Amino acid sequence: MDQHSPILLFDSGVGGLTVLGELRALLPQAPVIYAADMAGLPYGAKSEAEVAARVAGLLGRMAERYQPRLICIACNTASTIALGMVRDVLETPIVGTVPAIKPAAAMTQTGVIGLLGTEATVRQGYVDDLERQFARECTLLRFGANNLVALGEAKLRGEEVDIDDVARAASGLVLQDHGERLDTVILACTHFPLLEAELREAFGAGVGFVHGAGGIARRIASLTEGQSFARSAPDFAVTTGDLDDFKRLAPAFAGLGIEDLRPF
């Protein structure tokens, strides 16, 4: 393994920065390329076929161009839909992002847990499988809150986010049967932890939150254990969308050690 070979973090937008933050804490020496498919955002409103084709196509081109040692799909929607396909077509090790149903089931005291994700994520059979495997004794409420993606991106750009907008976007979770007993919420989109403070205020003190960023970083560290890391150049981020708009997020990237933003 070339010591300069990067880890590629891929997301539909910049929610994957929550994963990058955890990865920096574990592997500060690892070279990283962050790839944001801003031209394809939001994935949550797309069909499964659209997401699968787009993710597989982009990651194939990125793997060829950047020769990463490992690819992390830091996006629940892309992972639950396209992870198997990408693993079939690429030789590069792939780490996906899946809803943290197992730790949520261990945390709950009331037995009612909520899955807050995009519309595309919450309807996937992959989620059904996780529920059967880890939350059989629980009641799992699901809600697709696509609007939270845009609110998370806006917060990263330094825009003021209204707590009432966050509460409205997520309210469908507690308005379901058994919603009054909800005590644990899974943030099943990497954008959503960006709004955890607002979500905590919206849901109240009796509700805890869990997401998978830390576990994903630990999985990457495990798969790269024993490998050598060295940077031949500073880390950078690429976008499929408008570069000027992407550069509005420069302060968020700079806070995580990335100051070079480029078009893909």
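Above this text sits the structure in question.
This write-up is about the structure you can find in this document. Here the residue index of a chain counts from 1 through its sequence in written order. Two thresholds apply to this predicted model, a pLDDT of at least 70 for residue-level local features and 80 or more for giving and counting side-chain atom pairs, whereas whole-chain, interface and lining totals are computed over all residues. For side-chain calculations, the full set of non-hydrogen atoms in the structure is used, while hydrogens and water are omitted.

### Considerations on the overall build of the chain
Formally: Helix and strand labels come from DSSP, where a helix needs a run of H or I of at least four residues and a strand needs a run of E of at least two; each type is numbered from the N terminus. Restricting the calculation to C-alpha atoms gives the radius of gyration, and the globule rule supplies 2.2 Å times the number of residues raised to the power 0.38. Classification of residues uses two cut-offs on accessible area relative to the type maximum, computed with a 1.4 Å probe and protein chains only: under 20% is buried, over 50% is exposed, and between them is partly exposed. Residue exposure ignores everything except the shown protein chains as possible cover, and the areas themselves are Shrake-Rupley values with a 1.4 Å probe. For the purpose of counting charges, residues Lys and Arg are taken to be positive, whereas Asp and Glu are taken to be negative. His and the chain ends are not included. Where a charge sits is defined by one atom per residue type, namely NZ (Lys), CZ (Arg), CG (Asp) or CD (Glu).
Across its full length, the chain holds 12 helices and 10 strands. For the chain, the C-alpha radius of gyration of 18 Å lies close to 18 Å, the compact-globule estimate for 264 residues. Over its C-alpha atoms, taken along the principal directions, the chain stretches across nearly 55 × 40 × 35 Å. Looking at the chain residue by residue over its 264 residues, the buried ones come to 55%. For the chain, the accessible area works out to roughly 11,300 Å², and carbon and sulfur atoms hold 47% of it. One way to put it: in the chain the 23 positive side-chain charges average out to a point 4 Å from where the 33 negative ones average out.

### Points about the sheet that holds strand 1 (residues 7-11)
Note the cut-off: For two strands to count as paired, DSSP must find a minimum of two bridges between them. Any two residues having at least one pair of non-hydrogen atoms within 4.5 Å are treated as being in contact. Lines fitted to C-alpha atoms define the axes here, with helix axes fitted over just the stretch in contact, and angles between the N-to-C directions of these axes take values from 0 to 180 degrees.
In space, the six strands of this open sheet follow the order 4-3-1-2-9-10, with parallel pairing throughout. Looking along the sheet, the strands with just one partner apiece sit at the ends: strand 4 (94-95) and strand 10 (260-263). Two elements, strand 3 (residues 70-73) and strand 4, share two bridges in a ladder whose sense is parallel. Bridge pairing links Cys72 to Val95 in strand 4. The sheet contacts of helix 2 (residues 48-66) involve strand 1, strand 2 (32-36), strand 3 and strand 9 (236-239), and relative to strand 1 the element is tilted by about 155°.

### Re the pairing of strand 1
Under the convention used in this document: By convention, a crossover is right-handed whenever its connection, traced from the first strand over the helix to the second and viewed with the strands pointing away, goes clockwise.
Among the five residues of strand 1, five are classified as buried, and the element is accordingly described as predominantly covered. Side chains Ile7, Leu9 and Asp11 project from strand 1 onto one buried face, and the interleaved Leu8 and Phe10 project onto a second face that is buried too. Of the pairings in the sheet, the one linking strand 1 to strand 2 comprises five bridges and is parallel in character. Bridged to Asp11 within strand 2 is Ala36. Handedness of the β-α-β unit built from strand 1, helix 1 (residues 17-26) and strand 2 comes out right-handed.

### Quick look at the pattern of salt bridges
Worth spelling out the cut-off: A pair is scored as a salt bridge if a Lys or Arg side-chain nitrogen falls within 4 Å of a carboxyl oxygen belonging to Asp or Glu.
Applying the stated criterion to the full structure yields 14 salt bridges. We note a salt bridge from Asp245 to Arg248, for which the minimum N-O separation is 3.2 Å. Connected through shared salt-bridge partners, Arg157, Glu159, Asp245 and Arg248 make up one network.

### What to know about the layout of surface pockets
Worth spelling out the cut-off: Lining residues are defined by having an atom within 4 Å of a point belonging to a cavity or pocket. Those points lie on a 1 Å grid over the protein atoms alone, cavities being sets where a 1.4 Å probe fits but cannot get out and pockets being open sets with protein on both sides within 12 Å along at least five of seven lines. Grid points are joined across faces, edges and corners, and a volume is the space filled by probe spheres set on the points. Under the convention adopted here, Pro, Cys and the residues Ala, Val, Leu, Ile, Met, Phe, Trp and Tyr are nonpolar, Asp, Glu, Lys and Arg are charged, and Gly plus all remaining residues are polar.
Approximately 340 Å³ is the volume found for the largest pocket. Forming the walls of the largest pocket are 16 residues, and the residues nearest its centre are Val98, Ala100, Pro103, Gly212 and Gly215. Sort the elements by how many residues they give to the lining of the largest pocket and helix 10 (residues 213-223) lands first, with five residues. Considered class by class, the residues forming the lining of the largest pocket number nine nonpolar, four polar and three charged.

### Observations concerning the sheet that holds strand 8 (residues 208-210)
Spatially, four strands are ordered 6-5-7-8 in an open sheet, and the strand pairing comes out parallel. Each of the sheet's edge strands pairs with one partner strand only, and the pair in question is strand 6 (139-144) and strand 8. Taken over all neighbouring pairs, the strand axes of this sheet differ in orientation by 25° on average, direction set aside. Across the sheet, helix 6 (residues 125-134) touches strand 5 (112-117) and strand 6, and the angle it forms with strand 6 is around 160°.

### Notes on the side chain of Thr121
With respect to the helices and strands, Thr121 occurs in helix 5 (residues 119-122). Thr121 has contacts with Asn76, Thr77, Thr80, Pro99, Val127 and Ala188, leaving out every residue within four places of it along the chain.

### Quick notes on the packing of aromatic side chains
We count it as follows: Two aromatic rings from Phe, Tyr or Trp, using only the six-membered ring of Trp, form a pair when their centres are within 6.5 Å; if the ring planes differ by under 30 degrees the pair is stacked, by over 60 it is edge-to-face, and anything between is tilted.
Under the counting rule described, the total for this entry stands at five aromatic pairs. Arranged with centres 5.7 Å apart and planes meeting at 80°, the rings of Phe203 and Phe209 form a pair that is edge-to-face. Members of the aromatic cluster, joined through ring pairs, are Tyr34, Phe246 and Phe253.

### A few points about the packing of helix 1 against helix 10
The line we're drawing: An angle below 35 degrees is treated as roughly parallel, one above 145 as roughly antiparallel, one from 65 to 115 as roughly perpendicular, and anything else as oblique. Crossings are assigned a handedness: left-handed for a near helix turned anticlockwise from the far helix by less than a right angle, right-handed for a clockwise turn.
Between helix 1 and helix 10, whose axes approach to 8 Å, the crossing angle comes to 50°. One way to sum up the angle between helix 1 and helix 10 is to call them oblique. Helix 1 and helix 10 meet at a crossing whose hand is right-handed. Contact with helix 1, carried on its side by Thr18, Val19, Glu22, Leu23 and Leu26, involves Ala213, Gly214, Ile216, Ala217, Arg218, Ile220 and Ala221 of helix 10 and no other residues of that element. Residue composition of the contact of helix 1 with helix 10, by class: eight nonpolar, two polar and two charged.

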